Amino acid sequence: MNQLERRLGVPDAVVIGLGSMLGAGVFVVFGPAAAAAGGAGLLPALVLAGFIAFCNATSSARLAARYPESGGTYVYGRERLGPFAGFLAGWGFVAGKTASCAAMALTIGAYLWPGHARVVAVAAVLAVTAVNLRGIGRTATATKILVALVLAVLALVAVTGLAGGPVELDRLDDPGGSGRGVLTAAGLLFFAFAGYARIATLGEEVRDPERTIPRAVPLALGLVLAIYLVLAVVALGVLGSDRLANSAAPLADVVTAAGLPGLAWVVRAGATVAVTGVLLSLLAGVGRTLLAMARRRDVPGALAAVHPRYRVPHRAELAVAAVVVVVVSLGDVRHAIGFSSCTVLVYYAITNAAALTLGRDPRRKLPVQVLAALGLAGCLLLAVNLPASSVIAGFAVLAAGAAGYALRASRSHPPGRPSRSHPPR
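Residues numbered from 1 in each chain as written. Predicted model: local features only at pLDDT ≥ 70, side-chain atom pairs only at ≥ 80, totals over all residues. Heavy atoms only, no water.

Engineer: Describe the overall build of the chain, and please don't skip the residues or the numbers.
Structural biologist: Helix and strand counts for the chain stand at 16 helices and zero strands. Residues counted as buried form 57% of the 425 residues belonging to the chain. In the chain, the proportion of contacts linking residues at least 24 apart, taken out of those at least 6 apart, comes to 83%. Carbon and sulfur atoms provide 65% of the accessible area of the chain, an area that totals close to 16,700 Å². (Helix = DSSP H or I, 4+ residues; strand = E, 2+ residues; numbered from the N terminus. Buried < 20%, exposed > 50% of the residue type's maximum accessible area, 1.4 Å probe, protein only. Contact = heavy atoms within 4.5 Å. Areas by Shrake-Rupley, 256 points an atom, 1.4 Å probe, with all protein chains shown as cover.)

Right, dumping it as structure tokens:
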């Protein structure tokens, strides 16, 4: 038995998408993105990142409805563009999202116990993995609780900032950075939106996927974009562009600047809860992509096992957790975010390229082919405008994966060996 059970409806899928996105941008990326964009350039960068994410969401939803199984673009790339494109997508996703898991775990440690962040990060990875190993139903339930708590904290920040800020709207007109800076910020902010496709990676576990996925993906993305825009306006209006760019905890600083420093601990606790929710969904998504790759022997086949009781890819999830623990012990949260953004943008570029092969969809009013083309161009544009170290590291890892794929292919089909389509007599 190696099939997953379909348990999730539209509300569950939306909640998992929210849990994957909410927190990363608000609590981790806003400061560095504001610095890259020149402060007020954060708003156009956020809109640009959201638009590209919407293009990707449209492509992901179409493909996930056509191929409702675990693996996301790894599956879509193989089916629409060929095995190598699928492998590159899967490799980029696993590498980038493993870095994301490490970044989230380190963020939890930094908020809870700064002096021992790595120890707390390892404990967080182990605890979240234990939840995921109990089954996707438990993951969805835990994510619902986390999302509710995070929304309450974010609402507290917005209301406090608006009521006691004051929010100086003229700060939103401060000159931003260069066009390159806005593109860099948008690439970093994309890190905050990428969770919407976690719904697609869970495609084998949603009920009626042709109906559920196309509804859940844009709904989750739209809700998160609206929340991010409100909080970005409040943060810029209260703190100003310079202070926001230099802030390590911008939402806590908003509450402090509004005259209620005693609530800062609530925001910090909310940040911990939010990032835990992101980590919960990230580990689940990476494990299921690894499961799909193992089924096709692009990674060791032993990882394709599904637990007979809990119906989860337990070996794949344990393998991911082990790698994340190693990265947490050696890595840095800032570089992990840039690296993750680069490889994941390449992943979504392949998503859009695969969607372009589907042709027109007469059932949709949106120009889906145009959105796929814009998503493809936008992903590549943001990827190459990230910080140089992130671009070099990201493309080096992708190249290493491609080289390994080519080597394995040459061993499977050495010169002179007949192909499968022409078996020996």
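Having put the structure on the table, let's press on.
Engineer: How would you summarise the side chain of Asn 56 if you had to cite specific residues and measurements?
Structural biologist: Relative to the elements of secondary structure, Asn 56 occurs in helix H3 (residues 42-66). For Asn 56, a relative accessible area of 0% corresponds to the buried category. Setting aside chain neighbours within four positions, we find Asn 56 in contact with Phe 190, Tyr 196, Tyr 348, Thr 351, Asn 352, Gly 375 and Cys 379.

Engineer: Requested: an account of the pattern of salt bridges, with residues and values cited.
Structural biologist: This structure, assessed with the given rule, holds three salt bridges. Bridged by salt links that share partners, the residues Arg 78, Asp 298 and Arg 408 form one connected network. (Salt bridge = Lys/Arg side-chain N within 4 Å of Asp/Glu carboxyl O.)

Engineer: Go over the environment of Arg 215 with me, naming the residues and quoting the values.
Structural biologist: With respect to the helices and strands, the residue Arg 215 is situated in helix H10 (residues 209-245). Residues Arg 215 and Val 10, spaced 205 residues apart in sequence, show a C-alpha to C-alpha distance of 7.1 Å.

Engineer: How would you sum up helix H6 (residues 117-132)? Please name residues and give values.
Structural biologist: It helps to recall that an α-helix has 3.6 residues per turn; residues three or four apart then point in one direction. The end-to-end C-alpha distance of H6 is 22 Å, a good match for the 22 Å that 16 residues give at a rise of 1.5 Å each. Buried within H6 are the following residues: Ala 117, Val 120, Ala 121, Ala 124, Val 125, Val 128, Thr 129 and Asn 132. (Expected span 1.5 Å × (residues − 1).)

Engineer: Before we move on, could you go through helix H8 (residues 179-193) and cite the residues and values that matter?
Structural biologist: Here H8 spans 21 Å end to end across 15 residues, near enough to the 21 Å set by a 1.5 Å rise per residue. In terms of residue burial, H8 counts as a mostly covered element, since 13 of its 15 residues are buried.

Engineer: Can you lay out the packing of aromatic side chains for me, pointing to particular residues and giving the numbers?
Structural biologist: Taken as a whole and assessed by the stated rule, the structure comprises nine aromatic pairs. Aromatic side chains Phe 193 and Tyr 228 sit 5.3 Å apart centroid to centroid with 65 degrees between the ring planes, which places their arrangement in the edge-to-face category. Placement of Phe 193 in helix H8 and of Tyr 228 in helix H10 is noted, with a sequence separation of 35 residues between them. Pair check on accessibility: Phe 193 and Tyr 228 agree, each one buried. Taken together, the aromatic side chains of Phe 84, Phe 87, Trp 91 and Tyr 405 make up a single cluster linked through ring pairs. (Phe/Tyr/Trp six-rings, centres within 6.5 Å; stacked < 30°, edge-to-face > 60°.)

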